[in-house]
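Take a look at the letters that make up each chain.
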Amino acid sequence: MTHDHPAAPDRGPSRPFGRLITAMVTPFTADGSLDLDGAVRLATHLVDEQGNDALVLNGTAGESPTTTDAEKEALVRAVAEAVGDRTRILAGVGTNDTRHTIELARSAEKAGAHGLLVVTPYYSKPPQSGLLRHFTTVADATGLPVMLYDIPHRAGTAIDTETLVRLAEHGRIVAVKDAKGDLTATSWVTSRTDLAFYSGEDALTLPALSVGAVGVVGTSTHFTGAGTKRMIEAYEAGDHAGALALHRRLLPLYTGIFRAQGVVLVKAGLAAKGLPAGPVRSPLVDATADEVAQLRADCAAAGLDLS
């Protein structure tokens, strides 16, 4: 089945994947196997109820370290067939092996993905010349647009400003998920390139917008998506006071979702709402009763109800 990129009036060259993107968790059944029906139900909820312009599948939030290549392809295909006509599907394909990343990228393209999320190769700490070659080689491997994922506190290596400027010259490298936490560096890149920056930290979305970002790839947005989108739209409309009010209201969950590992609490919250989630795969462990109680309190503080 062929999936054309869905059209929307707010998705111009400066906002290639819309404003609101959620890094979707991967639902599993009680025995830990992939729950494709649940994934379709969850994706539909995130698009129709939370207003997501795009979804990231097979990212870290999707427990990509513990899913097989075949599971990754099946997940992209099922979700793309279900909601790919009204949202964009980005497939997380980044690894610390360029050849394996290319294999995953081609598999995702075949399965119907509209774009790729490519994280900095982790643990091996390649030099900037290695990052440049890795990202451009992956971008050359398919016809899909690429969002780079700059997250040095997990990957061990940052994508330097000069490297990002050079990568921006590639026609298919169009965006960055920015989890560097360095708004000065972000400012320099957004001022020197046309790369679309998406905040990779929920609580930094509003300040990132002020230095040129266009949206967010979120985790708490499984629950805060509608409010977060209103915040972004308010800021873009010049209603900065309204955007700040929404930021402050949602802040308890923007931060609270990371009291434990984000996937763990997202899955606990989805289960509490009766949405597909299932257990996490080892080495993660499911949320404790105390963690779920704290999550409920954080949701309540943000004006949201988990029931």
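Above this text sits the structure in question.
Not measured: the values here are computed from a predicted model.

(A) Focus on the overall build of the chain. For the chain, the count of helices and strands is 12 helices and eight strands. Since a compact globule built from 307 residues should have a radius of gyration of about 19 Å, the 18 Å found for the chain is in line with a globular shape. Once the C-alpha set of the chain is aligned to its principal axes, its extents read approximately 45 × 45 × 35 Å. Counting every position in the chain, which comprises 307 residues, the buried fraction comes to 57%. A separation threshold of at least 6 residues defines the contact pool for the chain, and within that pool the share at least 24 residues apart is 70%. Treating the 28 positive side-chain charges of the chain as one cloud and the 35 negative ones as another, the clouds have centres 2 Å apart.

(B) Here's a closer look at the sheet that holds strand β1 (residues 20–23). Here eight strands make up a closed barrel; going around it, the order is β1-β2-β3-β4-β5-β6-β7-β8 and the pairing parallel. Going across the sheet, the axis of each strand differs from the next one's by a mean of 25°, ignoring polarity. Here β1 runs beside strand β2 (residues 54–57); their pairing, made up of three bridges, is parallel. If you follow Thr22 over to β2, its bridge partner there is Leu55.

(C) Main features of the pattern of salt bridges. Counted according to the given criterion, the structure contains 12 salt bridges. Glu236 is paired through a salt bridge with Arg19; the nearest N and O atoms lie 2.7 Å apart. Placement of Glu236 in helix α9 (residues 221–236) and of Arg19 in the segment before β1 is noted, with a sequence separation of 217 residues between them. Take Arg19: its relative accessible area is 12%, and that puts it in the buried class. Linking Asp53 and Lys229 is a salt bridge whose minimum nitrogen-to-oxygen distance equals 2.9 Å. Placement of Asp53 in the loop between α1 (36–48) and β2 and of Lys229 in helix α9 is noted, with a sequence separation of 176 residues between them. Three or more residues are tied together by salt bridges with common partners; here these are Arg15, Arg19 and Glu236.

(D) Inspection of helix α4 (residues 128–141) at higher detail. Taking 1.5 Å as the rise per residue, α4 with 14 residues should run 20 Å; its terminal C-alpha atoms sit 20 Å apart, in good agreement. Those residues of α4 that sit buried are Gln128, Leu131, Leu132, His134, Phe135, Val138, Ala139 and Ala141. Here the buried face of α4 lies against α3 (98–111), β4 (115–119), β5 (146–150), α6 (161–167) and β6 (173–178).

About the cut-offs
- Residues numbered from 1 in each chain as written.
- Predicted model: local features only at pLDDT ≥ 70, side-chain atom pairs only at ≥ 80, totals over all residues.
- Heavy atoms only, no water.
- Helix = DSSP H or I, 4+ residues; strand = E, 2+ residues; numbered from the N terminus.
- Rg over C-alpha atoms; globule rule 2.2 N^0.38 Å.
- Buried < 20%, exposed > 50% of the residue type's maximum accessible area, 1.4 Å probe, protein only.
- Contact = heavy atoms within 4.5 Å.
- Lys, Arg positive; Asp, Glu negative; His and termini not counted.
- Charge placed at Lys NZ, Arg CZ, Asp CG, Glu CD.
- Pairing = 2+ DSSP bridges.
- Axes fitted to C-alpha atoms, helices over the stretch in contact; angles between N-to-C directions.
- Salt bridge = Lys/Arg side-chain N within 4 Å of Asp/Glu carboxyl O.
- Expected span 1.5 Å × (residues − 1).

Limitation: the analysis is restricted to geometry and does not speak to function.
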